[in-house]
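Take a look at the letters that make up each chain.
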Amino acid sequence: MGDEKEQVSPRRVFVNSVDTYSSKFIAKFLATCSPVPSSGSSVDGDAEEEAQSAESDEEPPGGAFQVVGTTSSSREGKESFLLEEYASPTRDQLLERLLECDVVVYNISENATEEQIEEGTWAITALHAERMSFTSQKLFILVSTVMTWAQTKPRDPKRAKLTGYVVAAGLQYGKGENLFHYFFKASWSMQFPEVPVFGPGTNYIPMIHVYDLGGVIHNIINLKPRSQYVLAVDDSKNTLEEIITGISFALGPGKICKEEAVNMMALRPEELDYLRIDLRLEPILLKDTFDLRWVSQAGIVENMDRVVKEYKHTRQLLPVRIFLTGPPAVGKTTVAEKLCKHYQVHHIMLKDVIEEKITQLEEMLSGGDDVNEEAVADAQNELQTIRDSMKNNAGRLTDHLVIQILQEKLNSQPCRNQGFVLDGFPKTYDQAKSIFSDEDTENQDLKSEAPVYNKKITPEHVFALDASEEFLERRVRDLPQGVVEKMRYTQEEFVARLAKYRQLSTTQETLLDYFDELEIHPEHIEVNTDDPEYTEAIKRIVEVVGTPKNYGLSPEEQAVEDRKLQEERQQKLATEAAEAAEKKRRDEAELVKLTAQREEWNRKLSEVKRQQEELLEALSLPLRNYLMKHVMPSLSEAMIDCCQVKPDNPVLFLVRIAIYTLYTLAMHQSQRRHFLAAQRIIQGMSSHVEQEQGRECDTEEQEEQRDG
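Residues numbered from 1 in each chain as written. Predicted model: local features only at pLDDT ≥ 70, side-chain atom pairs only at ≥ 80, totals over all residues. Heavy atoms only, no water.

A.B. asks: Hey, could you go over unusual backbone geometry for me, with residue numbers and the actual values?
C.D. replies: The amide bond that connects Phe425 to the next residue, Pro426, takes the cis arrangement and shows omega of 10 degrees. Relative to the helices and strands, Pro426 resides in the loop between strand 14 (419-423) and helix 17 (429-436). Despite not being glycine, Lys175 shows a phi value in the positive range, around 55 degrees. As for its placement among the helices and strands, Lys175 is situated in the loop between strand 7 (171-173) and helix 5 (181-188). Located in the positive-phi region is Gln344, a residue other than glycine, with phi close to 55 degrees. With respect to the helices, strands and loops of the structure, Gln344 is situated in the loop between helix 12 (332-343) and strand 13 (346-349). (Helix = DSSP H or I, 4+ residues; strand = E, 2+ residues; numbered from the N terminus.)

What follows is the structure, given as structure tokens:
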């Protein structure tokens, strides 16, 4: 079909170390760019669309290149723009992957270590050795820096199936930043009142946006220029001081200071070497031969707003802007403080903002000779206006001045970088409209029904806290007297303020109506007595707002936090160890105590037995003596007689002897009572003997009859 376009299969491109800054964005650019560069250079046209495509996290559309790459270690999931990703392959595995590709991009521009240089040398040597097996020409592009590129000499592209190019790249910037990240972060976080410049700062630094470097590689692949050496720098001729000044003004305090890098310990020695480059280079080949769709042709300083936007978007440094409203004493300040700590944003209370402004103006007036006279005069007039307004309004400022001061605070770099929690103000529809309306309303389309507002300072999330009057009154009663007076929560003031709030909530145009018109719909949160720490309220707000979008803790704060956690862990372990030792000690003491008690019990039991035996011995001694004296002699004689006589019934024999002895004794001593007792015993024994004899006779007769 003559009108059908020829389908061209995408070429396979290899990029090493795609988990590093430079290689990652080069690979991302190549994966999302169009097959052939179009004519004409544009900053706002195709380059803008291409950059936006590269910024997307979605799968890239089918383009001219299928990008594969290596990483230093395995990780969960690969980048969406990569076709394949190889984690720490061996050289045999790596060579196999290189032979599958049409273009090999070896990037050593970030950190030209001996290991990287040796690996790059091995790669070009191994590919050259396999060149006879190539079915088509392959490109090997070495991306180096303006400091090292001249030492590399590729082969003549006309006589080899393996064509080599060396790209001498300027210091790269853009996206999330790498070499200049320290200065961006210091400015964004307002870490210092002045951003440091290391050294004199008068050296000229050749630079290029990382996506423009990707565009240079794209042109080399498509155009295959005759020159084997390509200088990749933009048109800027900026000094280090100009670059850092631009960063500070666009993102930070707007001031710089000269510092020694050794004192700051902010950058590695090799990074400082890059920042000491002093070269002014002209990219003739890029202008005469290449057809680049520049992202930042004029350089970082001229495109600082765009670069800052890229930096925030890539690193997800998005400000969190929250507005809390509600009746007095509902707990707005408590919730705001907890949110500020969680999201690391700024707590905006109207009273504090006004006091800060007055202090700032007074410091300007007493600043000395280095302060601009015009600025001093303006500060004097502004301070006098504030004092006059407070004098004429019983210590309060007019709404006009309040709104002006608050807008200035919300537009400050800290609030625009990190965000804020606006605590309790504005209170009315008109105040909110005056604060958040866009200043440039004259150029807006009058036919547009959508309200115009300043998106840089308008809260993204609005939360209306509310509670019953009983809860509010009880909370005020429980506050210390000093807090009550400071917050104007005395009985008369609190009742009047609560009534005014309820009245404003029922007007025709309420504060919350304004945000509804902006499609920023407020979330209503009921506060109750069962949650004194506002846990549920904070949890709900965090669910709506999302996770923090900032760097988190600074290294110093993280070190303090880590040290605190370590101390807590050590204290917990020490407490547990102490408790375990105390428990062991108590158990051992209890065991010793029980052992001692058992020994004491056994000792006492033995003593009781001994005493009982002694008592029995003592009690039995008289009876024993009696028996030995009066009974045993007669009994012994009777038993001797019994042994001599050997009667048929020895017991009866002994009884008769005992009776006889008793009878004789009674007669001998003439004791009637003994005599009578002996008679009774004799009669009883006689009767017993007769019965026994009768039973014996009966038994003998029965036996005889049985035998018969």
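A.B. asks: Help me get a handle on the side chain of Thr458, residues and values and all.
C.D. replies: Inspection of the secondary structure puts Thr458 in the loop between helix 17 and strand 15 (461-466). Residue classification places Thr458 among the buried residues on the basis of a relative accessible area of 2%. Among the polar contacts made by the side chain of Thr458, one reaches the main-chain carbonyl oxygen of Asn454 at a distance of 2.5 Å. Filtering out sequence-adjacent residues up to four positions away, Thr458 remains in contact with Arg321, Phe436, Tyr453, Leu518 and Ile520. (Buried < 20%, exposed > 50% of the residue type's maximum accessible area, 1.4 Å probe, protein only. Polar contact = N/O pair within 3.5 Å; in protein donor to acceptor, adjacent residues only side chain to side chain. Contact = heavy atoms within 4.5 Å.)

A.B. asks: Outline the packing of helix 7 (residues 240-251) against helix 11 (residues 304-314), supporting the account with residue identities and numerical values.
C.D. replies: In the contact formed by helix 7 and helix 11, the axes pass within 10 Å of each other and the chain directions differ by 65 degrees. Between helix 7 and helix 11, the crossing angle belongs to the class labelled roughly perpendicular. Handedness of the crossing formed by helix 7 with helix 11: right-handed. Across from Ile243, Gly246, Ile247, Ala250 and Leu251 in helix 7, the residues of helix 11 making contact are Met304, Val308, Tyr311 and Lys312. (Axes fitted to C-alpha atoms, helices over the stretch in contact; angles between N-to-C directions. Parallel < 35°, antiparallel > 145°, perpendicular 65-115°, else oblique. Left-handed = near helix turned anticlockwise from the far one by under 90°.)

A.B. asks: Quick one: what's the story with the pattern of salt bridges, residue by residue and with numbers?
C.D. replies: Scanning all chains against the criterion turns up 28 salt bridges. In this structure, Glu118 engages Arg91 in a salt bridge whose closest nitrogen and oxygen atoms are separated by 2.5 Å. Here Glu118, found in helix 4 (residues 114-129), pairs with Arg91, found in helix 3 (residues 91-99); they are 27 residues apart in sequence, far enough to count as distant. The exposure class assigned to Glu118 is partly exposed, which follows from its relative accessible area of 41%. Sharing partners across several salt bridges, the network here consists of Arg12, Glu84, Arg97 and Glu100. (Salt bridge = Lys/Arg side-chain N within 4 Å of Asp/Glu carboxyl O.)

A.B. asks: Tell me about the layout of surface pockets, and name the residues and values.
C.D. replies: Put simply, the second largest pocket is a space of about 620 Å³. Taken together, 20 residues line the second largest pocket, and the ones lying closest to its centre are Lys309, Lys312, Pro319, Arg416 and Lys456. Going through the elements one at a time, helix 7, helix 11, strand 12 (320-325) and helix 16 (413-417) are the ones with two or more residues in the lining of the second largest pocket. Looking at the lining of the second largest pocket element by element, the count peaks at four residues for helix 11. (1 Å grid on protein atoms, 1.4 Å probe; cavity = no way out; pocket = protein on both sides within 12 Å on 5 of 7 lines; lining within 4 Å. Points joined across faces, edges and corners; volume = space filled by probe spheres on them.)

A.B. asks: Please give an account of the sheet that holds strand 12 that cites residues and values.
C.D. replies: Within the open sheet, the five strands sit side by side as 13-14-12-15-16. Their pairing is parallel. The sheet terminates laterally at strand 13 and strand 16 (523-526), the two strands that pair on one side only. In this sheet, adjacent strand axes meet at a mean angle of 20 degrees when their direction is disregarded. Of the pairings in the sheet, the one linking strand 12 to strand 15 comprises four bridges and is parallel in character. Residue pairing for strand 15: Leu324 is matched across the bridge by Phe463. Each of strand 12, strand 15 and strand 16 is contacted by helix 22 (residues 535-545), which is oriented at about 165 degrees to strand 16, the strand it contacts most. (Pairing = 2+ DSSP bridges.)

A.B. asks: I'd love a proper account of the packing of helix 3 against helix 4, names of residues and values included.
C.D. replies: Here helix 3 crosses helix 4 at 55 degrees, and the two axes come no closer than 11 Å. The angle between helix 3 and helix 4 falls in the class oblique. Our pair here, helix 3 against helix 4, has a crossing hand that is right-handed. Touching Arg91, Leu94, Leu95, Leu98 and Leu99 of helix 3 are Glu118, Glu119, Trp122, Ala123, Ala126 and Leu127, all from helix 4. The residue inventory of the contact of helix 3 with helix 4, partitioned by class, reads eight nonpolar, no polar and three charged. (Nonpolar A, V, L, I, M, F, W, Y, C, P; charged D, E, K, R; others polar.)

A.B. asks: Before we move on, can you summarise the confidence of the model for the protein chain with the specific residues and values?
C.D. replies: Averaged over all residues, the pLDDT of the protein chain is 82; the fraction at 70 or higher stands at 82%. Within the model, pLDDT remains below 50 along residues 57-61, and this stretch shows nine contacts once partners closer than five positions in the same chain are excluded. Across residues 154-159, confidence stays below pLDDT 50; counting only partners more than four residues off in sequence or on other chains, it has 12 contacts. (pLDDT = per-residue confidence, 0-100.)

A.B. asks: Go over helix 4, please, and point to the residues and values.
C.D. replies: The periodicity of an α-helix, 3.6 residues per turn, causes residues three or four positions apart to be oriented the same way. Taking 1.5 Å per residue, 16 residues should reach 22 Å; helix 4 reaches 22 Å between its end C-alpha atoms and fits that length. Those residues of helix 4 that fall on the buried side of the exposure criterion are Gly120, Trp122, Ala123, Ala126, Leu127 and His128. (Expected span 1.5 Å × (residues − 1).)

A.B. asks: So what's going on with the packing of aromatic side chains? Which residues, and what values?
C.D. replies: Taken as a whole and judged by the stated rule, the model has 14 aromatic pairs. Ring geometry for Tyr182 versus Phe183: centroids 5.4 Å apart, planes at 80 degrees, classification edge-to-face. One exposure class covers both Tyr182 and Phe183, and it is buried. Cluster of aromatic residues (ring-pair linked, three or more members): Phe323, Tyr429, Phe436, Tyr514 and Phe515. In this structure, Lys138 is placed above the aromatic ring of Phe134, and the distance from its NZ or CZ to the ring centre is 5.2 Å. Above the face of the Tyr204 ring, Arg280 is positioned so that its terminal group lies 4.3 Å from the ring centre. (Phe/Tyr/Trp six-rings, centres within 6.5 Å; stacked < 30°, edge-to-face > 60°. Lys NZ or Arg CZ within 6 Å of the ring centre and 35° of its normal.)

A.B. asks: Outline a nonpolar patch on the surface, supporting the account with residue identities and numerical values.
C.D. replies: Nonpolar side chains collect at one region of the surface, where Leu623, Tyr626, Leu627, Met628, Met632, Leu635 and Met639 lie side by side and expose about 650 Å² of accessible area between them. Tracing the backbone through its elements, the reader meets Leu623 in helix 23 (residues 555-645). (Patch = residues over 30% accessible without salt bridge, like charges linked within 9 Å, V, L, I, M, F, W, Y side chains within 5 Å. Areas by Shrake-Rupley, 256 points an atom, 1.4 Å probe, with all protein chains shown as cover.)

A.B. asks: Account for the sheet that holds strand 2 (residues 65-71), with residues named and values stated.
C.D. replies: Strand order in the open sheet made by the seven strands is 3-2-1-4-5-6-10, with parallel pairing throughout. Every interior strand has two partners, whereas the edge strands, strand 3 (84-87) and strand 10 (229-232), have only one. Pairs of neighbouring strands in the sheet enclose a mean axial angle of 20 degrees, with direction left out of account. Seen against the sheet, helix 1 (residues 21-32) touches strand 1 (11-15), strand 2 and strand 4 (103-107) and runs at an angle of roughly 165 degrees to strand 2.

A.B. asks: Would you mind going over the side chain of Thr145 in detail, with residue names and values included?
C.D. replies: Looking at the element boundaries, Thr145 is found in strand 5 (residues 138-145). With relative accessibility at 5%, the residue Thr145 sits in the buried group. Sequence-distant contacts of Thr145, that is, excluding residues within four places in its chain, are made with Ser109, Ala168, Ala169 and Tyr274.

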